[in-house]
Amino acid sequence: MSTLHVALLGFGTVGKGIYETIGKQQDHLRAVIGKEVKVSTIVVKDLGHHADYQGSAKLTTDMQEIIQDQKIDVVMEAIVGKQPAFDYLQQCIIQGKHVITANKEMFAAYGCALQKLAEKHHTKIAYEATTAGGIPIIATIQQLLQANHINNIQAILNGTSNFILTAMRTDHLSFDKALEKAQELGYAEADPTNDIDGHDAYFKAMILSELVFGRKPAPENIQVTGIRDISSDFLQSACPKRIKHLVTLARTDGDIICRIEPQALSETHPLFAVEGVDNAVHLQTDILGNLTLTGPGAGALPTASAMIEDLCTIVKEEQAVLPIEKALAPHY
Ligand SMILES: NC(=O)c1ccc[n+]([C@@H]2O[C@H](COP(=O)([O-])OP(=O)(O)OC[C@H]3O[C@@H](n4cnc5c(N)ncnc54)[C@H](OP(=O)(O)O)[C@@H]3O)[C@@H](O)[C@H]2O)c1
């Protein structure tokens, strides 16, 4: 049986989740893609953070060990921020490697450029884990768009904000206490700015906009308001409605608009019951009608699941193309 050689870029929450899941799911992966999956190299920023590492893959800080290794077929990227992730992935694609990313900030900025580069070099790029964690929203939208137009999206895309708003309403906590609770439970970072000010939801909204509408909204059509000014009294006064940090993306008169803001939802709204750290995406399509997907929006295992699904899709797409190429090749 042949081996698929994989490299990991980043070995934090997500990187470790991928590594452990690939290890545990070997038999399943063999059955699905007919290949052994081997993580051969992992790139991190500081080896000192990994003094207790005992795995079999080589741990290094030198990205060239991935880029120059001809054996590596797929690079799974889970580091933080636009750079150096963008440069690294460009170099991997130029070397003919497929890439899978969880890095929403980088992909929101450079997703189109990477997709064009991948097309040019006949490699694949997959980004399911960038948006709504374990919910297969990218694959679902790609599938739907073959027969439908999607005109409107409403979504809860940040689990931390949703957890804080839920805890403030149900446990009558102040914003600060609810944030503290989220941090204690590992749902919020020490610096929660990206989550509570709407930046994280904004990155995901831009990725969805490019996928669904082929472009981002013009800057004047984007409005982002976070949740840090919301009080527990305000949440109680909205009852029986619930305040949710809602992402709305819509096409109106040729423009795309994006609003990310706290909104009061009535009991009949499809996202009313989305509580705690869950995410959800509600799509309005012209042929299918409406569709709502709900599930875990973050975490090591949901994110690993999304990235390993991407891995299997890439391998299966390659396997489907190869016999056609063979059939089309001249016979001498
Ligand atoms: N956590 C989630 O639930 C989740 C869900 C969906 C998407 N994501 C996205 O996935 C990515 C990773 O998130 P995470 O939670 O796993 O982050 P994390 O726990 O902070 O881990 C980040 C990893 O990236 C490495 N790294 C950072 N800068 C690097 C550089 N310049 N070169 C090489 N390695 C570098 C770090 O190396 P050291 O270990 O040496 O410090 C660390 O291993 C982010 O882009 C995030 O937005 C996360």
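What comes next is a walk through the structure. These numbers come from a predicted model, not from an experiment. (Residues numbered from 1 in each chain as written. Predicted model: local features only at pLDDT ≥ 70, side-chain atom pairs only at ≥ 80, totals over all residues. Heavy atoms only, no water.)

Okay, the site of the ligand next. Around the ligand, the surrounding shell holds 22 residues, and the nearest of these are D46, H49, H50, I79 and G299. At 2.7 Å from an oxygen atom of the ligand is found a main-chain nitrogen or oxygen belonging to D46. Surface burial for the ligand is 79%, taken as the share of its 900 Å² of free accessible area covered by protein chains. Among the cavities detected, the one that contains the ligand is the largest pocket. Its residues placed into classes, the shell around the ligand shows eleven nonpolar, eight polar and three charged. (Near = heavy atom within 4 Å. Polar contact = N/O pair within 3.5 Å; in protein donor to acceptor, adjacent residues only side chain to side chain. Areas by Shrake-Rupley, 256 points an atom, 1.4 Å probe, with all protein chains shown as cover. 1 Å grid on protein atoms, 1.4 Å probe; cavity = no way out; pocket = protein on both sides within 12 Å on 5 of 7 lines; lining within 4 Å. Sits in = over half its atoms within 2 Å of the grid points. Nonpolar A, V, L, I, M, F, W, Y, C, P; charged D, E, K, R; others polar.)

Further remarks concern the pairing of strand β1 (residues 3-9). Along β1, six of the seven residues are buried, which leaves the element largely enclosed by surrounding structure. By the bridge criterion, seven bridges tie β1 to strand β2 (residues 36-43) in an arrangement that is parallel. For A7, the partnering residue across the bridge sits in β2 and is T41. Here four bridges tie β1 to strand β4 (residues 74-77), and the two strands are oriented parallel to one another. (Buried < 20%, exposed > 50% of the residue type's maximum accessible area, 1.4 Å probe, protein only. Helix = DSSP H or I, 4+ residues; strand = E, 2+ residues; numbered from the N terminus. Pairing = 2+ DSSP bridges.)

Right, let's talk about the pairing of strand β7 (residues 150-156) for a bit. Burial analysis of β7 places six of its seven residues in the buried class, which makes it a mostly covered element. The sheet contact formed by β7 and strand β9 (residues 242-252) spans four bridges and is antiparallel. Bridged to N152 within β9 is A250.

This part takes up the packing of aromatic side chains. Applying the stated criterion across every chain yields a total of seven aromatic pairs. Ring geometry for Y19 and Y53: centres 6.4 Å apart, planes at 50 degrees, overall tilted. Of this pair, Y19 sits in helix α1 (residues 13-24) while Y53 sits in the loop between β2 and β3 (58-60), placing them 34 residues apart in sequence. Among the aromatic side chains, those forming a connected cluster through ring pairs are F11, Y19 and Y53. (Phe/Tyr/Trp six-rings, centres within 6.5 Å; stacked < 30°, edge-to-face > 60°.)

The next point concerns the sheet that holds β9. Each strand in a sheet pairs with its neighbour through backbone hydrogen bonds, running either in the same direction (parallel) or in the opposite one (antiparallel). Taken in spatial order, the six strands make up an open sheet running β8-β10-β9-β7-β11-β12, and their pairing is mixed. In this open sheet, the two edge strands, each paired with only one partner strand, are β8 (222-224) and β12 (290-296). This sheet shows a mean twist of 20 degrees between the axes of neighbouring strands, independent of strand direction. In terms of strand pairing, β8 meets strand β10 (residues 255-265) through three bridges, oriented parallel. In the strand pairing of β10, Q223 is matched with R259. Its contacts with the sheet put helix α6 (residues 137-144) on β7, β11 (278-285) and β12, and the angle it makes with β11 is roughly 10 degrees. Sheet strands in contact with helix α10 (residues 199-213) are β7, β8, β9, β10 and β11, and its direction is about 30 degrees off that of β9. (Axes fitted to C-alpha atoms, helices over the stretch in contact; angles between N-to-C directions. Contact = heavy atoms within 4.5 Å.)

Interpretation note: all reported values are geometric properties and have no functional meaning in isolation.
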